[in-house]
Amino acid sequence: MLSRDEVLAVTLTIAVALLVVTFAVLLGVSTEPRAARQDGAPDAACLEWTDSCVVCSRTSQGLACSTPGIACTRSAPRCLWR
C-alpha cells in the first residue's frame, strides 16, 4: 500500500507530464524534419541528408527517414551524399 506522500508524488508527476505535453501541442512543437525543399533535401542532387536529428535518403521505394532522437537539436539540413 502506498503512503499518502507517495500517492501525492505520483499524482504530481502525472500532472506535470500532462501539462508539458499539453503545452507542446498548443505551441505546435513538431517532430517532423524541417524542410529546405518540400522533401527536406537541401537540393535536388542530394541523395542523403540530415538536420542533426533525422537522416533521410532517397531510395528506389521513395523517401526513407530515421526516427528523431528524444534529445536532438535541429539545424539547417545538410547534404551527406550526392
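The structure reproduced in this document is the subject of the present report.

What counts and what doesn't
Residues numbered from 1 in each chain as written. Predicted model: local features only at pLDDT ≥ 70, side-chain atom pairs only at ≥ 80, totals over all residues. Heavy atoms only, no water. Helix = DSSP H or I, 4+ residues; strand = E, 2+ residues; numbered from the N terminus. Buried < 20%, exposed > 50% of the residue type's maximum accessible area, 1.4 Å probe, protein only. Contact = heavy atoms within 4.5 Å. Areas by Shrake-Rupley, 256 points an atom, 1.4 Å probe, with all protein chains shown as cover. Pairing = 2+ DSSP bridges. Axes fitted to C-alpha atoms, helices over the stretch in contact; angles between N-to-C directions. Polar contact = N/O pair within 3.5 Å; in protein donor to acceptor, adjacent residues only side chain to side chain. Patch = residues over 30% accessible without salt bridge, like charges linked within 9 Å, V, L, I, M, F, W, Y side chains within 5 Å. Salt bridge = Lys/Arg side-chain N within 4 Å of Asp/Glu carboxyl O. Disulfide = S-S within 2.5 Å.

**Brief notes about the overall build of the protein chain**
Argument step 1. The helix and strand tally for the protein chain stands at 1 helix and 4 strands.
Argument step 2. When the helices and strands of the protein chain are listed from N to C terminus, the series reads α-β-β-β-β.
Argument step 3. Within the protein chain, the fraction of its 82 residues that count as buried is 13%.
Argument step 4. Taking all contacts inside the protein chain whose residues are at least 6 apart in sequence as the whole, residues at least 24 apart take part in 42%.
Argument step 5. Just so you have it, the protein chain exposes about 6,400 Å², and 64% of that area is on carbon and sulfur atoms.

**Brief notes about the sheet that holds strand β2 (residues 55-59)**
Argument step 1. Spatially, β3-β2-β1-β4 is the arrangement adopted by the 4 strands of the open sheet, whose pairing is antiparallel. Only two strands of the sheet have a single neighbouring strand rather than two, namely β3 (62-65) and β4 (78-81). Between one strand axis and the next, the sheet turns by 25 degrees as a mean value, whatever way the strands run.
Argument step 2. Where strand β1 (residues 48-50) and β2 come together, 3 bridges link them in antiparallel fashion. Each bridged residue has a counterpart across the sheet, and for T50 the counterpart in β2 is V55.

**Comments concerning the side chain of D51**
Argument step 1. The topology assignment puts D51 in the loop between β1 and β2.
Argument step 2. There is a polar contact of 2.9 Å between the side chain of D51 and the backbone nitrogen of C53.
Argument step 3. Here the side chain of D51 touches R74 through a polar contact of 2.8 Å, side chain to side chain.

**Comments concerning a nonpolar patch on the surface**
Argument step 1. Taken together, the side chains of L19, F23, L26 and L27 define a hydrophobic patch exposed on the protein surface, amounting to about 470 Å² of accessible area.
Argument step 2. Here L19 is to be found in helix α1 (residues 4-26).
Argument step 3. For L19, a relative accessible area of 47% gives the class partly exposed.

**Digging into the state of the cysteines**
Argument step 1. In total, this model carries 3 disulfides according to the counting rule given.
Argument step 2. Here C53 is linked by a disulfide to C72, with a sulfur-sulfur distance of 2.2 Å. Here C53 and C72 share a disulfide; its torsion about the S-S bond, 105 degrees, makes the bridge right-handed. With C53 in the loop between β1 and β2 and C72 in the loop between β3 and β4, this pair connects stretches of sequence that are 19 residues apart.
Argument step 3. Overall, the relative accessible area of 30% leaves C72 in the partly exposed class.
Argument step 4. In this model, C56 is linked to C65 through a disulfide, with the two sulfur atoms separated by 2.0 Å. In this structure, the disulfide formed by C56 and C65 twists by about 115 degrees around the S-S bond and is classed as right-handed.
Argument step 5. Taking relative accessible area as the criterion, C65 reaches 40% and is therefore assigned partly exposed.
Argument step 6. For the protein chain, the bonded cysteines connect in the pattern 1-6, 2-5, 3-4 when numbered consecutively along the sequence.

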